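Here are the chains, one letter per residue:
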Amino acid sequence: MTDAAIQPAVQPFAIVAERRADVPAREALLDRAMGHGRKRKSSEKLRRGRRPSEGLAFAARTADGTLVGTVRLWDVKAGDDGRAALLLGPLAVDPQAQAGGIGSALVRHAIAEARRLGHGAIVLVGDAPYYGRFGFSAEKTGNLAMPGPFEKHRLLALELVPGALDGVGGLIRAAGRVSAEPRTSTIAA
């Protein structure tokens, strides 16, 4: 059997702005990809009751419109001096479409749009080997903390503007737009 024969077929996809109509499909995708425990994570505490940063919520769709990936960025204040930053996450790809480059494309697109919109830095909690290829590292996060439990070595950052996180320390806090929609057990803000 050749490598091509064991690789899943990758459908072409496009990255587009997330729409309100995407919410049910996005939530179902997040549950499939991350499990129902995803809502107990420290990063979720920063997203709860908030809307993503303006213009920074994206969906990956196949040609037939099927949602196969999602990423959103959220406004946060990093550290005691309240530095403006973004929180990336959750990033998820439908388990049936993984290994097709969708996750990487979503991260690259999110970074490019955040930079284009003038943001200075992005933080996330994730795997350094995966996110390191996009420039994320723990170099500037050693003195930062998340609200609630988290694995310190997984708190990573990418400066979009050099020096944006120099000397930062303290708690990362929610900021940005408050959600006007009521929260339910199946729809995340």
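The numbers attached to residues start from 1 for each chain and follow its sequence in the written order. Since the coordinates come from a predicted model, pLDDT governs what is reported: local features require at least 70, and pairs of side-chain atoms require 80 or more to be given and counted, while whole-chain, interface and lining totals use all residues. Derived side-chain values reflect all non-hydrogen atoms in the structure, with water molecules and hydrogen atoms excluded from consideration.

**Looking at the overall build of the protein**
Cut-off, in case you're wondering: Helix numbers and strand numbers start at the N terminus; a helix is a DSSP run of H or I with at least 4 residues, a strand a run of E with at least 2. For every residue, the accessible area (1.4 Å probe, protein chains only) is compared with the maximum for its type, and the residue is labelled buried under 20%, exposed over 50%, or partly exposed between those bounds. Pairs of residues are marked as contacts when any of their non-hydrogen atoms sit within 4.5 Å. What sets the accessible areas is the Shrake-Rupley method with a 1.4 Å probe; for residues, cover comes only from the shown protein chains.
Within the protein, the regular secondary structure consists of five helices and nine strands. Taken from N to C terminus, the helices and strands of the protein fall in the order α-β-α-α-β-β-β-β-α-β-α-β-β-β. Put simply, the protein has 189 residues, and 43% of those count as buried. The contacts in the protein between residues at least 6 apart in sequence include a share of 71% that link residues at least 24 apart. Within the structure as shown, the protein displays about 9400 Å² of accessible surface, and the carbon and sulfur contribution to it stands at 55%.

**A short note on the environment of Pro90**
Along the chain, the position of Pro90 falls in the loop between strand E4 (83-88) and strand E5 (92-93). For the pair Pro90 and Val71, spaced 19 residues apart in sequence, the C-alpha separation works out to 5.7 Å.

**Here we look at the pattern of salt bridges**
Note the threshold: The term salt bridge refers to a side-chain nitrogen of Lys or Arg lying within 4 Å of a carboxyl oxygen of Asp or Glu.
For the structure shown, the criterion picks out 14 salt bridges. Salt-bridge contacts for Arg47 lead to Glu44; the nearest nitrogen and oxygen are separated by 3.4 Å. Here Glu44 and Arg47 lie together in helix H3 (residues 42-47), a separation of three residues that amounts to about one turn. Linking Glu151 and Arg154 is a salt bridge whose minimum nitrogen-to-oxygen distance equals 3.9 Å.

**With respect to the pairing of strand E9 (residues 170-174)**
For clarity, the cut-off: For two strands to be treated as a pair, DSSP must find no fewer than two bridges joining them.
Of the pairings in the sheet, the one linking strand E3 (residues 67-78) to E9 comprises three bridges and is antiparallel in character. Following the sheet pairing, Ala78 is matched in E9 by Ile172. Across two bridges, strand E7 (residues 144-145) lies against E9 in parallel orientation. Counted as the bridge partner of Ala145 is Leu171 from E9.

**Here we look at the packing of aromatic side chains**
The way to describe two aromatic rings as a pair is by their centre distance and the angle between their planes. Note the threshold: Between the rings of Phe, Tyr and Trp (Trp by its six-membered ring), a pair exists once the centres lie within 6.5 Å; its type follows the angle of the planes, with under 30 degrees stacked, over 60 edge-to-face, and the other angles tilted.
For the structure on display, the rule yields four aromatic pairs. With 5.6 Å between their ring centres and 65° between their planes, Tyr130 and Phe134 make a pair best called edge-to-face. By relative accessible area, which is 11% here, Phe134 ends up buried. Site record: aromatic cluster; members linked through ring pairs are Tyr130, Tyr131, Phe134 and Phe136.

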